[in-house]
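Residue strings, one per chain:
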Amino acid sequence: MVKELKINFYAIPNYEMLDDTEKKLFDAAKKIREKAYAQYSHFTVGCALLLESGEIITGSNQENAAYPSGLCAERTTIFWTAANFPGEKIKKLFVIGAPETALSSTPIPPCGACRQSILEYEANQKEGIEIYFASLDGEIFKTNSVRDLLPFSFDASFL
Ligand code: THU
């Protein structure tokens, strides 16, 4: 029997439709993207997350000559956050990625490994982390939880 699994996401037409907090996160992700260390792929990614305290934490992708040793912007950011603010709730996570010289782009979603890493902290805090992934100059997609990006997710409740 075929069953259907439904996920929800929002398509925000452009930057102007974001509220002030969201604009701040967009700007922060875009700015930190300029500092990405992506000399192998030349695909630069910026991430900005909002803590419950209102603090914004940012990070970028960090590549390595031994390619698999590099890390995505989302995990760089969320691991640093968890290391420095253990137990503090994360409300929103914004990601912007594109080839480094691109002037326009489509929304780049977090990769599978990043989704799983984000889920670890979302499951602990028992509250959804709103995930935004934005194009440089147009549409922004949003989910209310990383679980919408990771249906049939595996977490500690199975152990
Ligand atoms: N990358 C991210 O930082 N986040 C993603 O969600 C997708 C991919 C990085 C990893 C690598 O440095 C480059 O983009 C190309 O894959």
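Residues numbered from 1 in each chain as written. Predicted model: local features only at pLDDT ≥ 70, side-chain atom pairs only at ≥ 80, totals over all residues. Heavy atoms only, no water.

Asker: Can you walk me through the sheet that holds strand 2 (residues 43-51) in this structure?
Answerer: Each strand in a sheet pairs with its neighbour through backbone hydrogen bonds, running either in the same direction (parallel) or in the opposite one (antiparallel). Read from one edge to the other, the open sheet built from 6 strands follows the order 1-6-5-4-2-3, with strand pairing classed as mixed. Of all the strands in the sheet, just strand 1 (10-12) and strand 3 (56-60) have a single pairing partner and so form its edges. Between one strand and the next, the sheet's axes are offset by a mean angle of 20°, whatever the strand orientation. With 9 bridges connecting them, strand 2 and strand 4 (residues 90-99) associate as antiparallel partners. Counterpart to Val45 in the pairing with strand 4 is Gly97. (Pairing = 2+ DSSP bridges. Helix = DSSP H or I, 4+ residues; strand = E, 2+ residues; numbered from the N terminus. Axes fitted to C-alpha atoms, helices over the stretch in contact; angles between N-to-C directions.)

Asker: Quick question: what am I supposed to make of the pairing of strand 4 here?
Answerer: Regular strands place their side chains on alternate faces of the sheet. Most of strand 4 is tucked away, with 8 of its 10 residues classed as buried. Summarising the sheet, strand 4 and strand 5 (residues 130-134) pair through 5 bridges and their orientation is parallel. Paired with Leu93 across the two strands is Ile131, which belongs to strand 5. A crossover links strand 4 with its parallel partner strand 5, the connecting element being helix 3 (residues 112-125), and its sense is right-handed. (Buried < 20%, exposed > 50% of the residue type's maximum accessible area, 1.4 Å probe, protein only. Right-handed = clockwise from strand over helix to strand, strands pointing away.)

Asker: How should I be thinking about the side chain of Ser105 in this particular structure?
Answerer: Considering the arrangement of structural elements, one finds Ser105 in the loop between strand 4 and helix 3. At a separation of 2.8 Å, a polar atom in the side chain of Ser105 contacts the main-chain amide nitrogen of Leu136. The residues touching Ser105, leaving out its near neighbours within four places in the chain, are Gly97, Ala98, Ser135, Leu136 and Asp137. (Polar contact = N/O pair within 3.5 Å; in protein donor to acceptor, adjacent residues only side chain to side chain. Contact = heavy atoms within 4.5 Å.)

Asker: So what exactly am I meant to see when it comes to the site of the ligand here?
Answerer: Around the ligand, a shell composed of Ser41, Phe43, Val45, Asn61, Glu63, Cys72, Ala73, Glu74, Pro109, Pro110 and Cys111 is seen. In the model, an oxygen atom of the ligand is placed 2.4 Å from a nitrogen or oxygen of the Glu63 side chain. Side-chain polar atom of Glu74 to an oxygen atom of the ligand: 2.7 Å apart, as the coordinates give it. Considered on its own, the ligand offers 370 Å² of accessible surface; in the complex 76% of this is hidden by protein. Elements with a minimum of two residues in the shell around the ligand: strand 2 and helix 2 (73-84). (Near = heavy atom within 4 Å. Areas by Shrake-Rupley, 256 points an atom, 1.4 Å probe, with all protein chains shown as cover.)

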